[in-house]
Amino acid sequence: MLALGLLLNTVGIGLFCWLVFALAVYALPFFVALNIGMMAFHGGAGVVGALLIGIAGGALTLAFGQTALAVARSVALRVAIAAAFAVPAAVAGYNVVLALSQFGEPSSAWREVLACVGAICVGGTAWTRLTVFAETRSFEPARLMKQPSHPILTTATREG
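Just so it is clear, the model here is predicted, and its values are computed rather than measured.

If you look at the biggest cluster of nonpolar residues, it comprises 15 residues, and the most contacted ones within it are Phe85, Ala89 and Leu130. Those elements that provide at least two residues to this core are helix H2 (27-42), helix H3 (46-71), helix H4 (75-101) and helix H5 (108-131). If you tally residues by element for this core, the top one is H4, at 4 residues.

If you want it as structure tokens, here you go:
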């Protein structure tokens, strides 16, 4: 029975850590959604209205951030957008690892070290997940080709 408890605890902590890494990108949209929802609730929108407004605000934050990252040409702007999403994820990772490390590590110095490593890992994961699909572009404007290099296109152009 003790072995089963240890196994289930290990699996549960592993699933919780996987969930933290999977949801790291959504830390900023969640924070925005929570603040907008609370403001709407205190403004008299009611529970359902505040929930809907908060979800819409969080979704718009995520969509705007991903779109802005995809269309931005400036490297500094892309870094700023990615950092805006990665920093809250790193803070969340720090707090999660600090809380989890209190179960097994009695030394507060090692808990801080583990929490800092966790913050770096979770923030790096959020940064990577956000920027992995954003392709870099050249700064030269697109030019039309006078003669297509593909033979089928060249033949079809001459015949038509």
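Read on for the rest.
Direction vectors running N to C along H4 and H5 enclose 145 degrees, while the axes themselves pass 6 Å from each other. The chirality of how H4 crosses H5 is right-handed.

The terminal C-alpha atoms of H2 lie 23 Å apart, and with 16 residues this matches the ideal 22 Å at 1.5 Å per residue to within 8%. Buried residues of H2: Ala27, Leu28, Pro29, Ala33, Gly37 and Ala40, and no others. The elements touched by buried residues of H2 are H3 and H4. Just downstream of H2, Gly44 is the residue with a positive phi angle, here 100 degrees.

With that out of the way, let us pick up the layout of surface pockets. Considered as a void within the structure, the second largest pocket measures approximately 190 Å³ in volume. Together, Phe30, Ala33, Leu34, Gly37, Met38, Val47, Ala50, Leu51, Gly54, Ile55, Gly58 and Ala59 line the second largest pocket. When contributions to the lining of the second largest pocket are tallied by element, the ones reaching two or more residues are H2 and H3. For the lining of the second largest pocket, the element with the most residues is H3, which contributes 7 residues. Tallied by class, residues from the lining of the second largest pocket come to 9 nonpolar, 3 polar and no charged.

Rules used throughout
- Residues numbered from 1 in each chain as written.
- Predicted model: local features only at pLDDT ≥ 70, side-chain atom pairs only at ≥ 80, totals over all residues.
- Heavy atoms only, no water.
- Core = buried A, V, L, I, M, F, W, Y, C linked by side-chain atoms within 4.5 Å.
- Buried < 20%, exposed > 50% of the residue type's maximum accessible area, 1.4 Å probe, protein only.
- Helix = DSSP H or I, 4+ residues; strand = E, 2+ residues; numbered from the N terminus.
- Axes fitted to C-alpha atoms, helices over the stretch in contact; angles between N-to-C directions.
- Left-handed = near helix turned anticlockwise from the far one by under 90°.
- Expected span 1.5 Å × (residues − 1).
- Contact = heavy atoms within 4.5 Å.
- 1 Å grid on protein atoms, 1.4 Å probe; cavity = no way out; pocket = protein on both sides within 12 Å on 5 of 7 lines; lining within 4 Å.
- Points joined across faces, edges and corners; volume = space filled by probe spheres on them.
- Nonpolar A, V, L, I, M, F, W, Y, C, P; charged D, E, K, R; others polar.

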